[in-house]
Amino acid sequence: EWLVFEDRPRFYLHGPGGSGKSTLAYEFSRQVSDQGHRIRLSKDHALDYVIFISAKETELNVYSAKEQPFYLRRFDDSISQFRAILVDAGALSASDARNMQGPELERQLSDLFDSFSGLIVIDDIDALSRAGKDTGEETLMLRAVQGARRTKILYTLRHPPSSAIASSLKVPGLERLEEFPRFISLFADQLELPRPSLDITKKIDSSSSRLPLLIETIIGLYAVCGSYEEALVQFDERGGDAARRYLYQREYDRLEKAGRAREVLAALFLLDEAVSFAVLSRILGFGDDSVRDAIGECGAIFLIAETDEADATQYKLAPPARGFIG
């Protein structure tokens, strides 16, 4: 609907690490590419090109449960991003693009957006913002809306885009009743492993928060451990450490050093139960504003919010985050 019918030039998929944002974005671009000849954008513009580029620095190898460099990384700043777009869209050769800098690349982008309609998928854009670099988002949007043809840009990132909440969609963990058990069965079949029992499936649910990457890591440990029971023990103790670091370390490092978010996370770990805002504030002895800011800062990634019988919000650590904070 966004690609074909909406006027918004850009859209964001956001969610915690391991939720499947990159996979969804890639699959979306692949299906659009496969069906591109049948797709017409507004004003009956045909879709001329579809590209997928990533700034992802590392990935988790779920078969070895280790983090490794992401070898398909295409850019590490806005200049290399613009070059990758122009080369992959067929507007420039790699050698020509390599010799161009900012203003000239921006003119080439304007020419591309004036001449052709396309879909640009940019994965893990917050790898640039984490490094304090310009992400190129404003430049691309301005060039896209000024272009004579239609250009749509899809981004993935971990935190909700504060400047474009209305143009974003959260990628949650897998839905419990249908997506989650089907995903487990398909991945076990892919590895030629026995499918987990209902009891084991419930334990995987608890340990993984139904994040695809963690589910894959737990099932992958079966090959080393020989049973799902032992794989779960390994994951909860040491075997899942690399996965938890991959999901949470960069987010933990981003927490405001002068804020209270880390102390809130530590308190929730030690309490080991869901508690209200008021309880957290009393226990920690901080002002309400400090606790509220801390919950807001770490909530989207680390916390689960539940409503009790009195309609009050209770906070606790997500199970994988609990292992990391511990």
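A brief report on the enclosed structure follows. Residue indices begin from 1 for each chain and proceed along its sequence in written order. Local features in this predicted model are restricted to residues whose pLDDT is 70 or higher, and side-chain atom pairs enter the listing and the counts only when it is 80 or higher, whereas totals over whole chains, interfaces and linings include all residues. The side-chain numbers reported here are obtained from all heavy atoms of the structure, hydrogens and water having been left aside.

Attention shifts here to the layout of surface pockets. Considering only enclosed or pocket space, the largest pocket measures out at about 1200 Å³ in volume. Contributing to the lining of the largest pocket are 41 residues, with Gly-20, Lys-21, Ser-22, Thr-23 and Leu-24 lying nearest its centre. In this description a helix means any DSSP run of H or I spanning at least four residues, a strand means any run of E spanning at least two, and both kinds are numbered starting from the N terminus. Elements with a contribution of two residues or more to the lining of the largest pocket: helix H1 (21-34), strand S2 (49-54), strand S3 (58-61), helix H7 (179-190), helix H9 (212-225) and helix H11 (241-254). Site definitions follow a grid-based scheme: protein atoms alone, a 1 Å grid, a 1.4 Å probe that fits but cannot get out for cavities, and for pockets an open set with protein on both sides within 12 Å along at least five of seven lines, plus lining residues having an atom within 4 Å of a point. For the second largest pocket, the lining is made up of 18 residues, of which Gly-173, Ser-209, Leu-211, Ile-304 and Ala-318 are closest to its centre. Secondary-structure elements contributing two or more residues to the lining of the second largest pocket are helix H8 (198-208), helix H14 (288-302) and strand S9 (303-307). The dominant element in the lining of the second largest pocket, judged by the number of residues it contributes, is H14, at 3 residues. Per-class residue counts for the lining of the second largest pocket are 10 nonpolar, 4 polar and 4 charged. Grid points are joined across faces, edges and corners, and a volume is the space filled by probe spheres set on the points. Only Asp, Glu, Lys and Arg are considered charged, only Ala, Val, Leu, Ile, Met, Phe, Trp, Tyr, Cys and Pro nonpolar, and every remaining residue, Gly among them, polar.

Note on method: axes are straight lines fitted to C-alpha atoms, helices fitted across the in-contact stretch only, with angles between N-to-C directions ranging 0 to 180 degrees. Running from amino to carboxyl end, helix H10 (residues 228-239) crosses H11 at an angle of 60°, the nearest separation of the two axes being 7 Å. Overall, the two elements H10 and H11 adopt an arrangement that is oblique. The residues of H11 that touch H10, namely those facing Phe-235, Asp-236, Glu-237, Arg-238 and Gly-239, are Asp-241, Ala-243 and Arg-244. Taken together, the residues of the contact of H10 with H11 break down into 2 nonpolar, 1 polar and 5 charged. With respect to orientation, any angle under 35 degrees is reported as roughly parallel, any angle over 145 as roughly antiparallel, any angle of 65 to 115 as roughly perpendicular, and every other angle as oblique. Any two residues whose heavy atoms approach within 4.5 Å are treated as being in contact.

With respect to the helices and strands, Ser-276 occurs in strand S8 (residues 275-276). Any N or O atom pair separated by 3.5 Å or less is treated as a polar contact, with the protein-specific requirement of one donor-capable and one acceptor-capable atom, and with residues adjacent in sequence counted only for side-chain atom pairs. One polar contact links the side chain of Ser-276 to the main-chain amide nitrogen of Val-279, over a distance of 3.2 Å. If we ignore the near neighbours within four places in the chain, the residues touching Ser-276 are Thr-313, Gln-314 and Tyr-315.

All right, on to the packing of aromatic side chains then. Pairing of aromatic rings covers Phe, Tyr and Trp, the last counted by its six-membered ring, and requires centre-to-centre distances within 6.5 Å; plane angles under 30 degrees mean stacked, over 60 mean edge-to-face, and any other angle means tilted. Overall, the coordinates contain 7 aromatic pairs when judged by the stated rule. Summarising the aromatic geometry, the rings of Tyr-12 and Tyr-155 are spaced 5.0 Å apart at their centres and angled 15° between planes, so their arrangement reads as stacked. Pair noted here: Tyr-12 is in strand S1 (residues 10-14) and Tyr-155 is in strand S6 (residues 151-157), with a separation of 143 residues, a long-range link. Here the two residues Tyr-12 and Tyr-155 agree in accessibility, since each one is buried. Between the aromatic rings of Tyr-222 and Tyr-228, the centroid separation amounts to 4.5 Å while the plane-to-plane angle is 50°, which identifies the pairing as tilted. Judged by its relative accessible area of 17%, Tyr-222 falls in the buried class. Each residue is placed in one exposure class: buried if its accessible area under a 1.4 Å probe, protein chains only, is under 20% of its type's maximum, exposed if it is over 50%, and partly exposed if it falls in between.

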